[in-house]
Amino acid sequence: RERATSNICTNQGLNALAACVYMSTLGKNGMRKVAELCTQKAHYLSEAIDALDGYSVVTAHFFNEFVVQIPGPARDLVNMAAAKGYFPGIALSQFDEQAQDQILIAVTEKRSKDEMDGLIAILKEFKS
């Protein structure tokens, strides 16, 4: 123990404690409500993105994560959005070179409609 260079067990314990505290604050029906919010918000965003020219949602059925085909390199979109204070998602090209123009977007209960609409504005700007 004296020579250990990692505190992974401590980190796991803290993460487990944080998850327990969060779930206990949600109450009896809280997890269901969070799941419903995630799904509703993800579908709102996916439909808005799919309506944009040059964009198409690749994932047919999903909970809160979906893949989008975009009109250009995904890494360029991620960099452009980051400069504006947004993290749009993960450029899938880092896992598969064939997916240069695809991005994985995840939506949680924390995202507001204004934030999602802000991402839509960035996507509109990126395509032009």
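Since this is a predicted model, take the numbers as computed values, not measurements.

(A) Looking closely at the overall build of the protein chain. A tally of helices and strands in the protein chain yields four helices and four strands. The order of α-helices and β-strands along the protein chain, N terminus first, is α-α-β-β-α-β-β-α. Its C-alpha atoms give the protein chain a radius of gyration of 18 Å, clearly above 14 Å, the size a compact globule of 128 residues would have. Across its three principal axes, the protein chain shows a C-alpha extent of roughly 55 × 40 × 25 Å. Of all intrachain contacts in the protein chain linking residues separated by at least 6 positions in sequence, the fraction that spans at least 24 positions is 59%.

(B) Looking closely at the sheet that holds strand 4 (residues 102-106). Read from one edge to the other, the open sheet built from four strands follows the order 1-2-4-3, with strand pairing classed as antiparallel. The sheet is open, and its two borders are formed by strand 1 (56-57) and strand 3 (90-91), each paired with just one other strand. Sheet strands in contact with helix 2 (residues 30-50) are strand 1, strand 2 (65-69) and strand 4, and its direction is about 5° off that of strand 2. Where helix 3 (residues 74-83) meets the sheet, its contacts fall on strand 3 and strand 4, and the angle it forms with strand 4 comes to roughly 45°.

(C) A look at the packing of helix 2 against helix 4 (residues 113-127). Interaxial distance between helix 2 and helix 4 falls to 10 Å at its minimum, and their mutual angle equals 20°. As judged from the angle between their axes, helix 2 and helix 4 are roughly parallel. Here the hand of the crossing between helix 2 and helix 4 comes out right-handed. On helix 4, the residues that touch Lys41, Tyr44, Leu45, Ala48 and Ile49 of helix 2 are Lys113, Met116, Asp117, Leu119, Ile120 and Leu123. For the contact of helix 2 with helix 4, the class distribution of residues is eight nonpolar, no polar and three charged.

(D) Structural detail: the environment of Asp53. Within the secondary structure layout, Asp53 lies in the loop between helix 2 and strand 1. When the C-alpha positions of Asp53 and Lys124 are compared, they lie 8.5 Å apart, and in sequence the two are 71 residues distant.

(E) Main features of the layout of surface pockets. Approximately 350 Å³ is the volume attributed to the largest pocket. Forming the walls of the largest pocket are 16 residues, and the residues nearest its centre are Phe87, Pro88, Ala106, Arg111 and Leu119. Of all elements in the fold, only strand 4 and helix 4 reach the threshold of two or more residues within the lining of the largest pocket. Classifying every residue of the lining of the largest pocket by side-chain character gives eleven nonpolar, three polar and two charged.

Cut-offs used in this document
- Residues numbered from 1 in each chain as written.
- Predicted model: local features only at pLDDT ≥ 70, side-chain atom pairs only at ≥ 80, totals over all residues.
- Heavy atoms only, no water.
- Helix = DSSP H or I, 4+ residues; strand = E, 2+ residues; numbered from the N terminus.
- Rg over C-alpha atoms; globule rule 2.2 N^0.38 Å.
- Contact = heavy atoms within 4.5 Å.
- Pairing = 2+ DSSP bridges.
- Axes fitted to C-alpha atoms, helices over the stretch in contact; angles between N-to-C directions.
- Parallel < 35°, antiparallel > 145°, perpendicular 65-115°, else oblique.
- Left-handed = near helix turned anticlockwise from the far one by under 90°.
- Nonpolar A, V, L, I, M, F, W, Y, C, P; charged D, E, K, R; others polar.
- 1 Å grid on protein atoms, 1.4 Å probe; cavity = no way out; pocket = protein on both sides within 12 Å on 5 of 7 lines; lining within 4 Å.
- Points joined across faces, edges and corners; volume = space filled by probe spheres on them.

Treat this as a map of the structure, not an account of what it does.
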